[in-house]
Amino acid sequence: MKVLIVCNNAYYRGNGMCTAIQTLRRELIAAGVEARIMSCANPEEGGDQPEYPLGHFKFPFFEKIIYSNGFRYAAADRKVMKAAIEWADVIHLEEGFPIEAITARMAARLGKPCVGSYHLLTENIMANLEMMKDVVFNSIVTFFWRKLVYDKCKVVHCPTLMIQDYLNAHHFKAEKMVFSNGISTATDRTSADKPQTNPYLILCTGRLSNEKSQRTLLGAMRHSRHAGEIQLAFAGKGPKEKKYRKMAAQLVNDGVLSYEPTFKFYDSRTLSEICRKAYLYIHCACVEVEGLSCVEALREGAVPVIAKGKVTATAQFALDERSTFPVGDEKALAERIDWWIEHPEEREKMGDAYAESVKKYDIDLSTQSMIDMYNKALGK
């Protein structure tokens, strides 16, 4: 089986969708599937390149904010696209943007079936343009994504039940399959690993952006009884880094925090080590399709506190309500953090429970589900 993975950008470190695409290709090849990528060329010197490279389309007026959020749009090159589609048995469309719409039309003319993955909500984009709550605009964009891309797919992969419900509410016609993008559940964690408690290490991962809402954690410190005993660690980079560093410095200057928060991007090995040391893992995102960075933290025994909202699916990983709070509610988040700090025995017990809970999201299960989806599209 030959699978063509189509996306705008597959090579930006720190972008969850890029990571998912790279993981998918690697795991498909390991499973005996020929998998190639068609995307914008990788700008990193010496880095991996797609088998079918496309040019970089610079979006007028918005290119700076797009690039700062770890994204690049691909420019259509019909000669390259035709060669890629003719090579493939199945076309896997990863987004709803113009490059996928053009690919879907060409694939239909060439008689090649398409499948899709719904990795991105329109709210993801609108959040970074300060327009997330614009229901009309979100609905219009979602309509075009459905009409021009996803309704042309045989099957659409939904990483979570929330996404399946979202697509049904917006009248997506294609058959839907629900399964996680998956992670490797292998870990170096041992019984000797203990969370840091002096001070309490509280970890927050992800791109520093509006949609990830790290400001909620910073704001929660002003409501926490234990703020002076907490070391905040933000693992990621992004357009809001300067603002969040300023907010963090103000918390120290005001005497709210005794330990200066850290901001740094880590490689996966180092991040896993930090997760094992984390007393709590905080996931504040106001819009999230799945949130596998959370699962990666749970794998290492971190206990989460996860934002729960209409367009964020990550709260599905919580084992009970002690690990959730309403999106954007700083006081509720502070209350959860304080409760876990004041109940160390429960924290220790639940760390093991969360590490065990991630096994159903193993990448091998996800890869087999993906192959099943391709076979379904081929009528097998």
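Because the structure is predicted, anything quoted here is derived from the model rather than measured. (Residues numbered from 1 in each chain as written. Predicted model: local features only at pLDDT ≥ 70, side-chain atom pairs only at ≥ 80, totals over all residues. Heavy atoms only, no water.)

Draft legend 1. Up close: the overall build of the protein. What the protein contains, in helices and strands, is 14 helices and 14 strands. Computed over the C-alpha atoms, the radius of gyration of the protein is 21 Å, within 12% of the 21 Å expected from 2.2 N^0.38 for a compact globule of 380 residues. The C-alpha extent of the protein, read off along each of the three principal axes, is 65 × 45 × 45 Å. Across the 380 residues of the protein, 54% fall into the buried class. The contacts in the protein between residues at least 6 apart in sequence include a share of 70% that link residues at least 24 apart. For the protein, the accessible surface area stands at approximately 16900 Å², while carbon and sulfur atoms represent 52% of it. Positive and negative charge centroids in the protein, built from 50 and 47 side chains respectively, lie 6 Å apart. (Helix = DSSP H or I, 4+ residues; strand = E, 2+ residues; numbered from the N terminus. Rg over C-alpha atoms; globule rule 2.2 N^0.38 Å. Buried < 20%, exposed > 50% of the residue type's maximum accessible area, 1.4 Å probe, protein only. Contact = heavy atoms within 4.5 Å. Areas by Shrake-Rupley, 256 points an atom, 1.4 Å probe, with all protein chains shown as cover. Lys, Arg positive; Asp, Glu negative; His and termini not counted. Charge placed at Lys NZ, Arg CZ, Asp CG, Glu CD.)

Draft legend 2. Spatial organisation of the nonpolar core. Counting 68 residues, the largest nonpolar core has Leu4, Ile91, Tyr118, Leu121 and Tyr374 as its most contacted members. For Ile91, the residues in contact, after removing those within four places along its chain, are Leu4, Val6, Ile85, Thr103, Ala107, Lys112, Pro113, Cys114 and Val115. Counting residues in hydrophobic clusters, the runner-up holds 57 residues, among them Leu217, Ala220, Ala307 and Tyr354. (Core = buried A, V, L, I, M, F, W, Y, C linked by side-chain atoms within 4.5 Å.)

Draft legend 3. Structural view of the pairing of strand S10 (residues 230-235). Counting buried residues along S10, 6 of its 6 residues qualify, which places the element largely inside the surrounding structure. Burial along S10 is two-sided: the residues Ile230, Leu232 and Phe234 and Gln231, Ala233 and Ala235 are all buried. Chirality of the crossover, the property in question, places the unit of strand S9 (residues 200-205), helix H8 (residues 215-220) and S10 among those that are right-handed. In terms of strand pairing, S10 meets strand S11 (residues 262-264) through 3 bridges, oriented parallel. Paired with Ala233 across the strands is Thr262, a residue of S11. Handedness of the S10-helix H9 (residues 241-253)-S11 crossover: right-handed. (Right-handed = clockwise from strand over helix to strand, strands pointing away. Pairing = 2+ DSSP bridges.)

Draft legend 4. Molecular detail of the sheet that holds strand S2 (residues 34-40). Ordered in space as S4-S3-S2-S1-S5-S6-S7-S8, the 8 strands form an open sheet in which the pairing is mixed. Looking at the sheet topology across the chains shown, the edges are occupied by strand S4 (73-75) and strand S8 (175-178). For this sheet the average axis-to-axis angle between neighbouring strands, irrespective of direction, equals 30°. Note that S2 and strand S3 (residues 52-57) share 3 bridges and pair parallel. Bridge pairing in S3 links Cys40 to Leu54. Taken strand by strand, helix H3 (residues 78-87) contacts strand S1 (2-6), S2, S3 and strand S5 (90-93), and its axis lies near 145° from that of S3. Running at roughly 165° to S8, helix H7 (residues 161-169) makes contact with strand S7 (155-158) and S8 of the sheet. (Axes fitted to C-alpha atoms, helices over the stretch in contact; angles between N-to-C directions.)

Draft legend 5. Highlighting the pairing of S9. For S9, a buried count of 6 out of 6 residues is recorded, marking the element as mostly surrounded by other parts of the structure. Residues Tyr200, Ile202 and Cys204 point to one face of S9 and Leu201, Leu203 and Thr205 to the other, with burial holding for every one of them. Relative to S10, S9 runs parallel, the two being bridged by 6 bridges. Looking at S10, one finds that Leu203 is bridged to Ala233.

Draft legend 6. Here's a closer look at the packing of aromatic side chains. Tallied over the full model, the rule gives 13 aromatic pairs. A centroid spacing of 5.3 Å and a plane angle of 75° characterise the contact between Phe97 and Trp145, whose relative ring orientation is edge-to-face. Of this pair, Phe97 sits in the loop between S5 and helix H4 (98-109) while Trp145 sits in helix H6 (residues 135-148), and the two are 48 residues apart along the sequence. According to the relative accessible area criterion, Phe97 is buried, its value standing at 7%. For Trp145, a relative accessible area of 6% corresponds to the buried category. Between the aromatic rings of Tyr200 and Tyr279, the centroid separation amounts to 4.9 Å while the plane-to-plane angle is 75°, which identifies the pairing as edge-to-face. With Tyr200 in strand S9 and Tyr279 in the loop between helix H10 (268-277) and strand S12 (280-283), this residue pair connects regions lying 79 residues apart in the sequence. Assigned by exposure class, Tyr200 and Tyr279 land together as buried. By way of ring pairs, the aromatic residues Tyr73, Phe97, Tyr118, Trp145, Tyr150, Tyr166 and Phe172 are connected into one cluster. Seen from the ring of Phe265, Lys237 lies directly overhead, with NZ or CZ sitting 4.9 Å from the centre. (Phe/Tyr/Trp six-rings, centres within 6.5 Å; stacked < 30°, edge-to-face > 60°. Lys NZ or Arg CZ within 6 Å of the ring centre and 35° of its normal.)

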